[in-house]
Amino acid sequence: MDAPSKEFVLAGSLEELKIKGRLVVHGGHRPILVIYDRGRVFALDNRCPHMGFPLERGSVEDGILTCHWHHARFDLESGCTFDLWADDVPICPVEVRNGDVWVKTTFTHADLAAHWHQRLANGLAHDLGLVIAKAVHGQLAAGVPQAEIVRQVALFGAQNRDGWGVGLTILTALANILPVLPEEEAYLALFHGARRVAADCDGEAPRRERAPLGSRPDPAALKRWLRRWTNVRHREAAERTLLTAIAAGFSPAELADALFAAATERAFADTGHSLDFINKAFECLDLVGWQHVAALLPTVVGQMVAARGAEESTAWRQPVDLVALCEESTSELADLFAAGRGSRDWSGHAALAQELLGDDPARIVDALKEAIRAGAAPADLGQSLAYAAALRVARFGNANEHADWETAHHVFTYANAVHQMLTRIGTANIDTHVTAVRGVLHGAMALYLARYLNVPPARIPGDAGEQLDDLPADPETIGAALLDAFDRQRQVDLAARLVARHLTLGHSPQALIATLAHAVLREDASFHAYQMLEAGVRQFGAWGDTDEGRHILIAVARYLAAHSPTERASLQTADIARRLMRGGELHQEAGSS
């Protein structure tokens, strides 16, 4: 027998192992459990892959190792679990040499990236949070690009649920902010996105394949058809039409134009969620690659055609018929765009936003007309609308019911989607102007109907040169105080003041955004919290470190503070996975025999 390599350590004599039945090997590596059973020697990680409990305290019977904490059972030879929620226990090679037992102290796979890719696939398929967390961590540690993990999860979600869902929206929202997150937060963001996609797909029927039409109608006809099928709620026809547009080579801007036109056939559909989901599908394709457009984009059609429009709501019909106002104004505003095309030197975004917050819908329409005459592009209107909607949240009165936060939130995330879609579409096609006007008008009327949320308006800290000198001054202390505020209920105003203090002192906005992201990622956050964070970061990116940008981040902080803290059960799962993957002993106090 050759001399032992440096990777192998002596566990003990075979005779000693036979007498004791098991030995634990310690050293500069994970604790390794060596077991003698029915004439064979096995070696595996001594930590239960579920919660890290010492497996040496378990029992062996008929080739099965049972952990005595949660009774997870494992095949001794392979380490595979009989209980999927527990995950497999890593094994390591063992050799008997001249009556001694030698164990290789590394738990490796020939291709770590491929191994953890498969483990993530398994975790997603069975909705196993701990497996998902370990697989995400394992892929990151193996050097897998973050975008590749997003791609794997997104395609799983598109294939294993018959329609775009909340999970894919969360995944995309968190993936959008990955560039501003430190390494540990990126792990949490990917874990949260993946687990929410898995939960969305759990128990759902997989997506059914549809095919494009055999012909290639002209683009204008495809756009008309998509609107028609949306109006009559004909999902199959709408999907085949969209697939035909994709097969015909529609550009991302043309596809966005077609879907935006169809989605705005109904006003503020599904309280804005329909358009927001469509926008997120486009952003997801930006992240994972447009070669997947046929797999991902048609998933939004089901909700789009089934969505309920605000035109069916009494509030939009009485005492003022806002739907009729939108319909009457659309063509006039589109004509103004066409007449003023080419004059785009316009910077009145903030002033228009203030007009959009008014209490007279006819004057709101007039303000949009004036902006267009002055040279505003469709995307400019979207940016003003999104800022005005952020101010609704920033000035949300604490006397309102807690559920009213969602009314303000829905308008803001819808307005952000309008802004992002109009930016993507551009101004190349005059038909876009009609589509753009309709989307902006619907958002403006939703904003108008939410005006009661600012009666009386909450004061925005930091305005008019307010320095907030009673609060800490250095950024680290401000960040710690902000997280402490999120640890307690009803700290909406304090959170807003701390954000204002950070920004008015000129500290890094990126550091503040990272703190806000950490505050969300440690919680069992709601779907809306993820939406709010990402839309706020997007809109801050449009405005930069200005008063308007400060107002937007204050809005984000106030909303998050109103919905914190939670139980943080998912964070515990992520922390357990992280400690296990790094080789930590979660139950060191238990000792070893």
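These numbers come from a predicted model, not from an experiment.

### Here's the deal with the overall build of the protein
Check the secondary structure of the protein and you find 24 helices and nine strands. A principal-axis box enclosing the C-alpha atoms of the protein has dimensions of 95 × 70 × 40 Å. Across the 593 residues that make up the protein, the buried fraction comes to 57%. Here the protein has roughly 23,600 Å² of accessible surface; of this, 50% comes from carbon and sulfur atoms. Looking at charge distribution, the protein has the averaged site of its 56 positive side-chain charges lying 2 Å from that of its 74 negative ones.

### Thoughts on the packing of helix α6 (residues 183-201) against helix α24 (residues 569-581)
The contact between α6 and α24 brings their axes to 11 Å, and the two run at 120°. With respect to each other, α6 and α24 are oriented oblique. As α6 packs across α24, the resulting crossing turns out to be right-handed. Facing α6, whose interface residues are E184, Y187, L188, F191, H192 and R195, α24 presents S570, L571, T573, A574, A577 and R578. Of the residues that constitute the contact of α6 with α24, the class distribution is six nonpolar, three polar and three charged.

### Comments concerning the side chain of N400
Relative to the helices and strands, N400 is located in the loop between α16 (378-394) and α17 (404-425). For N400, the side chain forms a polar contact with the main-chain oxygen of L453, separated by 3.0 Å. Those residues in contact with N400, other than ones at most four positions away along the chain, are Y452 and L453.

### Re the sheet that holds strand β7 (residues 73-75)
The three strands are arranged β5-β6-β7 in an open sheet whose pairing can be described as antiparallel. Here the strands that pair on one side only, and so sit at the sheet edges, are β5 (59-61) and β7. Each strand of the sheet is rotated relative to its neighbour by a mean of 25°, with strand direction disregarded. Bridge analysis of β5 against strand β6 (residues 64-66) gives three bridges, and the strand direction is antiparallel. Note that in β6 the partner of E61 across the bridge is I64.

### Focus on the layout of surface pockets
There is about 570 Å³ of room inside the largest pocket. Of all elements in the fold, only α2 (112-126), α3 (129-141) and α24 reach the threshold of two or more residues within the lining of the largest pocket. In terms of residue class, the lining of the largest pocket is made up of 12 nonpolar, six polar and seven charged.

### Regarding the pattern of salt bridges
With the rule as written, the count across this model stands at 49 salt bridges. Put simply, R210 and E236 hold a salt bridge, and the shortest N to O gap is 3.1 Å. With R210 in the loop between α6 and α7 (219-231) and E236 in helix α8 (residues 235-247), this residue pair connects regions lying 26 residues apart in the sequence. The class for E236 is partly exposed, based on a relative accessible area of 32%. Measuring nitrogen to oxygen at the nearest pair gives 3.3 Å for the salt bridge that ties R538 to E534. Of this pair, R538 and E534 both sit in helix α22 (residues 527-543), four residues apart, which is roughly one turn of that helix.

### Overview of the packing of aromatic side chains
A complete count under the given rule lists eight aromatic pairs for this structure. Ring geometry for F268 versus W316: centroids 6.3 Å apart, planes at 25°, classification stacked. In this pair, F268 sits in the loop between α9 (252-263) and α10 (273-288) while W316 sits in the loop between α12 (301-306) and α13 (322-339), placing the two residues 48 residues apart along the sequence. Among the residues examined, F268 registers a relative accessible area of 10% and is labelled buried. For W316, a relative accessible area of 5% puts it in the buried group. A ring pair is formed by Y387 and W543, whose centres lie 5.0 Å apart and whose planes are at 45°; its orientation type is tilted.

### Some details on the sheet that holds strand β3 (residues 32-37)
Taken in spatial order, the three strands make up an open sheet running β2-β3-β4, and their pairing is antiparallel. Strands at the two margins of the open sheet, each flanked by one partner only, are β2 (22-25) and β4 (40-45). Between one strand axis and the next, the sheet turns by 20° as a mean value, whatever way the strands run. Inspection of the sheet shows β2 paired to β3 by four bridges, in the antiparallel sense. When the bridges of β3 are listed, R22 appears paired with I35.

### Focus: helix α14 (residues 349-356)
Three or four residues apart is the spacing at which side chains of an α-helix point the same way, because the helix has 3.6 residues per turn. Inspection of α14 places H349, L352, A353 and L356 among the buried residues, and these make up the whole buried set. Looking down the long axis of α14, one finds its buried residues gathered within 105° of arc, a one-sided arrangement.

### Observations regarding the packing of α3 against helix α4 (residues 146-159)
Two numbers describe how α3 lies on α4: the axes approach to 10 Å, and their chain directions differ by 145°. For α3 against α4, the interelement crossing comes out right-handed. In this structure, α3 contributes V136, Q139 and L140 to the contact, and α4 contributes Q146, I149 and Q152.

### Overview of the confidence of the model for the protein
For the protein, per-residue confidence averages 93 on the pLDDT scale, and 96% of positions sit at 70 or higher. Here residues 589-593 is modelled with pLDDT under 50, and outside its nearest four sequence neighbours on either side it reaches seven contacts, counting other chains as well.

### Let's talk about the nonpolar core
In this structure, L297 and L516 are the most contacted members of the largest nonpolar core, which totals 167 residues. In contact with L297, not counting residues within four places along its chain, are L242, I246, L255, L259, A281, F282 and L285. Among the nonpolar cores identified, the runner-up in size contains 15 residues, and V24, L33, C48 and L65 belong to it.

### Examining the state of the cysteines
In this structure the tally under the stated criterion is zero disulfides. Free cysteine C284: the closest other cysteine sulfur is in C201, separated by 12 Å. We classify C284 as buried; its relative accessible area is 0%.

Parameters at a glance
Residues numbered from 1 in each chain as written. Predicted model: local features only at pLDDT ≥ 70, side-chain atom pairs only at ≥ 80, totals over all residues. Heavy atoms only, no water. Helix = DSSP H or I, 4+ residues; strand = E, 2+ residues; numbered from the N terminus. Buried < 20%, exposed > 50% of the residue type's maximum accessible area, 1.4 Å probe, protein only. Areas by Shrake-Rupley, 256 points an atom, 1.4 Å probe, with all protein chains shown as cover. Lys, Arg positive; Asp, Glu negative; His and termini not counted. Charge placed at Lys NZ, Arg CZ, Asp CG, Glu CD. Axes fitted to C-alpha atoms, helices over the stretch in contact; angles between N-to-C directions. Parallel < 35°, antiparallel > 145°, perpendicular 65-115°, else oblique. Left-handed = near helix turned anticlockwise from the far one by under 90°. Contact = heavy atoms within 4.5 Å. Nonpolar A, V, L, I, M, F, W, Y, C, P; charged D, E, K, R; others polar. Polar contact = N/O pair within 3.5 Å; in protein donor to acceptor, adjacent residues only side chain to side chain. Pairing = 2+ DSSP bridges. 1 Å grid on protein atoms, 1.4 Å probe; cavity = no way out; pocket = protein on both sides within 12 Å on 5 of 7 lines; lining within 4 Å. Points joined across faces, edges and corners; volume = space filled by probe spheres on them. Salt bridge = Lys/Arg side-chain N within 4 Å of Asp/Glu carboxyl O. Phe/Tyr/Trp six-rings, centres within 6.5 Å; stacked < 30°, edge-to-face > 60°. Arc of directions from axis to C-beta. pLDDT = per-residue confidence, 0-100. Core = buried A, V, L, I, M, F, W, Y, C linked by side-chain atoms within 4.5 Å. Disulfide = S-S within 2.5 Å.

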